[in-house]
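Take a look at the letters that make up each chain.
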Amino acid sequence: VRRDRPFRLEAQGVYRGTPMETTVSGDAPLQAALTTDTWALAIALEMPDARATVEARLPTLASTEGAEISFELSGQRLDGWSKITGTRLPGWGPYRVSAHTRYAGASLQIDNLRLSLDGLPMQPSRLEIGSGSSGTAALCKRPAALTRSRSSLMMYLRVDTLDDAM
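The paragraphs below set out a description of the structure included in this document. (Residues numbered from 1 in each chain as written. Predicted model: local features only at pLDDT ≥ 70, side-chain atom pairs only at ≥ 80, totals over all residues. Heavy atoms only, no water.)

1. Regarding the packing of aromatic side chains
Consideration 1: Applying the stated rule across the entire model yields one aromatic pair.
Consideration 2: Note on Phe7 and Trp39: the rings are 6.4 Å apart at their centroids and 50° apart in plane angle, and the pair reads as tilted. Here Trp39 lies in strand β3 (residues 39-47) and Phe7 lies in the segment before β1 (8-15), a separation of 32 residues in the sequence. Per residue, the accessibility class of Phe7 equals that of Trp39, and both read buried. (Phe/Tyr/Trp six-rings, centres within 6.5 Å; stacked < 30°, edge-to-face > 60°. Helix = DSSP H or I, 4+ residues; strand = E, 2+ residues; numbered from the N terminus. Buried < 20%, exposed > 50% of the residue type's maximum accessible area, 1.4 Å probe, protein only.)

2. Brief notes about the pattern of salt bridges
Consideration 1: Here the structure, examined in full by the defined rule, presents seven salt bridges.
Consideration 2: Between Arg51 and Glu46 there is a salt bridge; the shortest N-O distance is 1.8 Å.
Consideration 3: Overall, the relative accessible area of 32% leaves Arg51 in the partly exposed class.
Consideration 4: A salt bridge links Glu68 to Arg57; its shortest N-O distance comes to 3.3 Å. Taken together, the positions of Glu68 in strand β5 (residues 68-75) and Arg57 in strand β4 (residues 50-58) put the pair eleven residues apart, joining distant regions of the chain.
Consideration 5: A relative accessible area of 31% places Arg57 in the partly exposed class.
Consideration 6: The network of salt bridges with common partners includes Arg57, Glu68, Arg102 and Asp111. (Salt bridge = Lys/Arg side-chain N within 4 Å of Asp/Glu carboxyl O.)

3. Overview of the environment of Asp118
Consideration 1: Residue placement: Asp118 occurs in the loop between β7 (107-117) and β8 (126-131).
Consideration 2: For the pair Asp118 and Glu128, spaced ten residues apart in sequence, the C-alpha separation works out to 8.7 Å.
Consideration 3: If we ignore the near neighbours within four places in the chain, the residues touching Asp118 are Trp92, Gly93, Pro94, Ser125 and Arg126. (Contact = heavy atoms within 4.5 Å.)

This is the structure we're talking about:
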């Protein structure tokens, strides 16, 4: 950690028998993040056949109000996460899920949600789901409900059969 360079941490290791590499980097030195108004942070986790990335913009380290987070999970097969999660997952794939979220006024806004999943054990064998802007989940003590903005939420569902792919 240097005062004159943006924060960066790289690590390699094995967790639950799965080798992985992790990178955490900021847009400013770590000391500056403690005193500046806004700090951007990127986290990447690489494993055999799987990748997770998170990009966050934090207005301050003392509050989550106005925080923005984008994430993506992708890989060849979902079961590549089984050892890490401690849960047996299906061998479907390749897959990709991504979204951009914003926290404001005790609610979480979700934009550009995308899910793509191949190799389903049925016909059709491919699923794509996406949304435009914005779904909102109210954060409260009981389970949060997903509400939709009247004009800005568009969801689509695309299903391809094997016949369509040939």
